[in-house]
Amino acid sequence: MTGKTLAEKLIGSHTAKGSVSAGEVVIVRVDYTFSHDASGPLLIQQLNTLKNVGSGMDKNRTVFFIDHAVPSPIKELSNDQATVRNYASSNGLILSDAGNGICHQVMAEDYAAPGDLLVGTDSHSCTSGGLCAFGTGMGATDIAVAMKLGKTWLRVPESVKMKIQGRLPRGVFAKDLILKSLSILGTDGATYKSLEFDGPAIDELEVYGRLTLANMTVEAGAKTGLVKSDTRTKQYLKDFGREQQWKEIHADDDASYESEIAINASDLQPQVAFPGSPSNVKPVSEAKDVKVNEVFIGSCTNTRIEDMRTVAQIFRKRQKAKDVKLIVTPSSKRLYLKCLEEGILETLLEAGAIITPPGCGVCYGAVGGIPADNEVIFSSSNRNFTGRTGNPKAQTYLGSPATAAAAAITGYITDPREFV
Amino acid sequence: MSLRSNLPELAKHTLEDARKEFPSRVGKGDFVVAGKNFGMGSSREHAPIVIKMCGVTAVLAQSFARIFYRNAINIGLPAIVCDTTAIDEGDELELHLSDGILDNLTRKTKIRFPAMSSTMDAILSEGGLIAYVEKHGDLVFS
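Residues numbered from 1 in each chain as written. Chains lettered and ligands numbered in written order. Predicted model: local features only at pLDDT ≥ 70, side-chain atom pairs only at ≥ 80, totals over all residues.

**Q** Looking at this structure, how should I read the overall build of chain A?
**A** Of the regular secondary structure elements, chain A holds 13 helices and 18 strands. Taken over C-alpha atoms, the radius of gyration comes to 20 Å for chain A, in line with the 22 Å a tight globule of 420 residues would show. Once the C-alpha set of chain A is aligned to its principal axes, its extents read approximately 60 × 50 × 40 Å. Evaluated residue by residue, chain A yields a buried proportion of 61% over its 420 residues. Across chain A, the fraction of contacts at a sequence separation of at least 24, relative to all contacts at a separation of at least 6, is 76%. (Helix = DSSP H or I, 4+ residues; strand = E, 2+ residues; numbered from the N terminus. Rg over C-alpha atoms; globule rule 2.2 N^0.38 Å. Buried ≥ 20, exposed ≤ 12 C-beta atoms within 10 Å, placed from the backbone. Contact = placed C-beta atoms within 7 Å.)

If you want it as structure tokens, here you go:
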């Protein structure tokens, strides 16, 4: 019998028979289901249609978030949020209300554990793969059924091994690594597949960075992105008071992969995704001198405490350029408090930043710094499709929080290695 | 409610970024004919729902993004993976879903496409996942 990939192990442990192989269609038990204010109203409509199905939702494992537009800028979104809030409250489900943070950040802080399987009504539900939980995004109908039945169906994906050699140089981060991966895969290079990252550079990467990798695997079409659970995962869980939930999980040495992509992290430069597609990626050297009007540091991709420390170090005793709007949106209340405690927000405020409440912010394009016509925004988020930030006449470049900070200081896309 | 949650209003903007006149020209029995990776990105089920609300019979593409594909089948909108290069705008098409054949009546050609997985087929033939679960009370594939 051949060994198992991470996807096969994590899915297999949620099936009745206990073991699966790529290509099989299986029914799996789900550990967590979640939704939010953007897709929640449609989900609730489907839940109401299914009111006689199943034996009741698991009150400890069904989570509703209000995170996409907080605080709500218009009455219509307020009404959507009220729908979600009322549904969660009246059914006794977990409500993570406005201000508590982005669903993927909070799932990774408080809920997802190695070995878990979770599904949410958001494409970035793959984020928890960074701590070796199988996460994947689905639509409202699938999640309504998963919430009602406590299970869903999955085709066990083929896995692509992302073998990351070497080590990330100073000033080059997990974000640069995933952008480089996307430039190789394109936006459909991993459709239906599991992208599994391993190798010496991953061994050295904290879970904070691994979450960034997993988060953007969906930009290549992947069903999920996974990293093993090791002692760094244990340390991460300890940071959130959940050390007892740790278990070691790794792919078997003789697991079967559909293909393998090798990247030498040591050779990597900071990467930038040019407007239009997250796979439209070039080294930062090819983007320098692009004038930037707004810088956004936030999103479920890149606002972990490590990111914030890096950004604060860059801004220490430096100011943002006068003509740049610098917007920092912590991804959760917990992170916000940690930044306060470490003096990070003080540094950012002194540098000229606007700090907005925890949530999706301008990555969702409904609140928190929508750019003007013809403006260029440099963002630490995950998508730069036309109109994503709320204005189809603006252009969005993507990069690491460090590259974003460097752009805010000079007013142009800049190699952050000058500053870190 | 927001525009996103107001599906009849949202449907008036279907695919307008790709083709501004799409919502006003599309009608019952039309097909959406696309290239690669149709539906890339978000998990929002609103995307296939508004396409269906416009009267579209099926979406034909060379490939689909995973979540869009699953969502389309779940709401009972056939999403067919086939060679769309031999279809021009305005061609008259006839879909024979269970035979895996798309007749291009204008060009007098037949496009064959592979059967969808038995799971997807089971959901689609019940009219979508809600209808499937209401009928069976459970997920009971294979």
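**Q** Please explain the overall build of chain B as it appears in this structure.
**A** Counting its secondary structure elements, chain B contains 6 helices and 6 strands. Counted from the first residue to the last, chain B has its helices and strands arranged as α-α-β-α-β-α-β-β-β-β-α-α. In terms of its C-alpha atoms, chain B occupies a principal-axis envelope of roughly 45 × 40 × 25 Å. The buried share of chain B, reckoned over its 142 residues, is 37%. Contacts spanning at least 24 positions in sequence make up 54% of the contacts within chain B whose residues lie at least 6 apart.

**Q** Would you mind going over the sheet that holds strand 5 (residues 117-120) of chain A with me for this structure?
**A** Sheet strands pair via backbone hydrogen bonds, and the direction of the pair is either parallel or antiparallel. Residues and elements named next belong to chain A. The 5 strands are arranged 4-3-2-5-6 in an open sheet whose pairing can be described as parallel. Only two strands of the sheet have a single neighbouring strand rather than two, namely strand 4 (94-96) and strand 6 (134-137). Put simply, the sheet's adjacent strands are angled 20° from each other on average, direction ignored. Alignment of strand 5 against strand 6, held across 4 bridges, turns out to be parallel. By the bridge assignment for strand 6, Gly-120 is matched with Gly-137. (Pairing = 2+ DSSP bridges. Axes fitted to C-alpha atoms, helices over the stretch in contact; angles between N-to-C directions.)

**Q** In this structure, what is going on with the pairing of strand 10 (residues 224-227) of chain A? I would like to understand it.
**A** Remark: a regular strand shows side chains that alternate across the two faces of the sheet. Residues and elements named next belong to chain A. Burial of strand 10 is two-sided: the residues Thr-224 and Leu-226 facing one way and the residues Gly-225 and Val-227 facing the other way are all buried. Where strand 9 (residues 194-198) and strand 10 come together, 4 bridges link them in parallel fashion. In the strand pairing of strand 10, Ser-194 is matched with Thr-224.

**Q** What is the right way to read the nonpolar core from this model?
**A** Generally speaking, soluble globular proteins have nonpolar side chains that are buried together. In terms of nonpolar packing, the biggest core is built from 168 residues, with Ile-11, Met-107, Ala-112, Val-295 and Ala-405 of chain A together with Val-59 of chain B touching the most fellow members. With residues near it in sequence (within four places) discarded, Ala-112 of chain A still touches Tyr-32, Met-107, Leu-118, Ser-128, Leu-131, Ala-133 and Gly-135 of chain A. (Core = buried A, V, L, I, M, F, W, Y, C linked by C-beta atoms within 7 Å.)

**Q** For this particular structure, what's the right way to read the pairing of strand 3 (residues 62-65) of chain A?
**A** All names here are of chain A. Covered by surrounding structure in strand 3 are Thr-62 and Phe-64 together with Val-63 and Phe-65, the residues of both alternating faces. Sheet analysis places strand 2 (residues 32-36) next to strand 3, joined by 4 bridges and oriented parallel. Its bridge partner lying in strand 3, His-36 is registered against Phe-65. What joins strand 2 to strand 3 is helix 2 (residues 40-49), and the crossover it makes is right-handed. Alignment of strand 3 against strand 4, held across 3 bridges, turns out to be parallel. In the strand pairing of strand 4, Val-63 is matched with Ile-94. The handedness of the strand 3 to strand 4 crossover, carried by helix 3 (residues 75-90), is right-handed. (Right-handed = clockwise from strand over helix to strand, strands pointing away.)

**Q** Explanation requested: the interface of chain A and chain B in the structure shown.
**A** As a measure of interface size, the accessible area lost when the parts come together is often cited. In this assembly, 36 residues from chain A lie in contact with 33 residues from chain B. When residues of the side of chain A that touches chain B are assigned to their parent elements, the largest contribution, 5 residues, is made by helix 5 (residues 140-149) of chain A. Among the residues making up the side of chain A that touches chain B, the classes are represented as 15 nonpolar, 13 polar and 8 charged. (Nonpolar A, V, L, I, M, F, W, Y, C, P; charged D, E, K, R; others polar.)

**Q** It is not clear to me how the domain arrangement of chain A should be interpreted in this structure. Could you clarify?
**A** Residues and elements named next belong to chain A. The domains assigned to chain A are domain 1 (6-155), domain 2 (159-267) and domain 3 (271-418). For domain 1 and domain 2, the distance between their C-alpha centres works out to 22 Å. With 23 residues of domain 1 in contact, the opposing surface of domain 2 contributes 28 residues. Looking at the side of domain 1 that touches domain 2, the elements with two or more residues in it are helix 1 (6-12), helix 4 (103-111) and strand 6. (Domains from an automatic or database assignment.)

**Q** Even after reading the chapter, I still don't get the packing of helix 10 (residues 305-315) of chain A against helix 13 (residues 401-410) of chain A, so can you show me in this structure?
**A** A pair of packed helices can be characterised by two numbers: the angle between their axes and the separation between those axes. All names here are of chain A. Contact pair helix 10 / helix 13: the axes reach a minimum separation of 9 Å and the direction vectors enclose 25°. As far as their axial angle goes, helix 13 and helix 10 are roughly parallel. Once helix 10 is placed against helix 13, the crossing between them reads as right-handed. Contact with helix 10, carried on its side by Asp-307, Thr-310, Val-311, Ile-314 and Phe-315, involves Pro-401, Ala-402, Ala-405 and Ala-406 of helix 13 and no other residues of that element. (Parallel < 35°, antiparallel > 145°, perpendicular 65-115°, else oblique. Left-handed = near helix turned anticlockwise from the far one by under 90°.)

**Q** Would you take a moment to explain the sheet that holds strand 6 (residues 109-112) of chain B for this structure?
**A** All names here are of chain B. A sheet is described by the order of its strands in space; here 3 strands give the open sequence 4-5-6, paired in antiparallel fashion. Two strands close off the open sheet at either side, each with one partner strand: strand 4 (93-96) and strand 6. For this sheet, the mean angle separating the axes of adjacent strands, direction not counted, is 20°. Sheet topology note: the strand 5 (residues 101-104)/strand 6 ladder contains 4 bridges and is antiparallel. The residue of strand 6 that forms the bridge with Ile-101 is Arg-112.

**Q** It is not clear to me how unusual backbone geometry should be interpreted in this structure. Could you clarify?
**A** Among all residues save glycine, negative phi is the norm, and among peptide bonds the norm is trans. Here Val-70 of chain A and Pro-71 of chain A are connected by a cis peptide whose omega angle stands at -15°. Along the polypeptide, Pro-71 of chain A turns up in the loop between strand 3 and helix 3. The phi dihedral of Asn-37 of chain B falls on the positive side, at around 60°, and the residue is not glycine. Following the sequence through the fold, Asn-37 of chain B ends up in the loop between strand 1 (31-33) and helix 3 (46-53).

**Q** Help me understand the confidence of the model for chain B in this model?
**A** Should the pLDDT be low somewhere, the predicted coordinates at that spot are not to be read in detail. Scored by pLDDT, chain B comes out at a mean of 94, with 99% of its residues at no less than 70. Both confidence scores are given for the complex: pTM 0.96, ipTM 0.95. (pLDDT = per-residue confidence, 0-100.)

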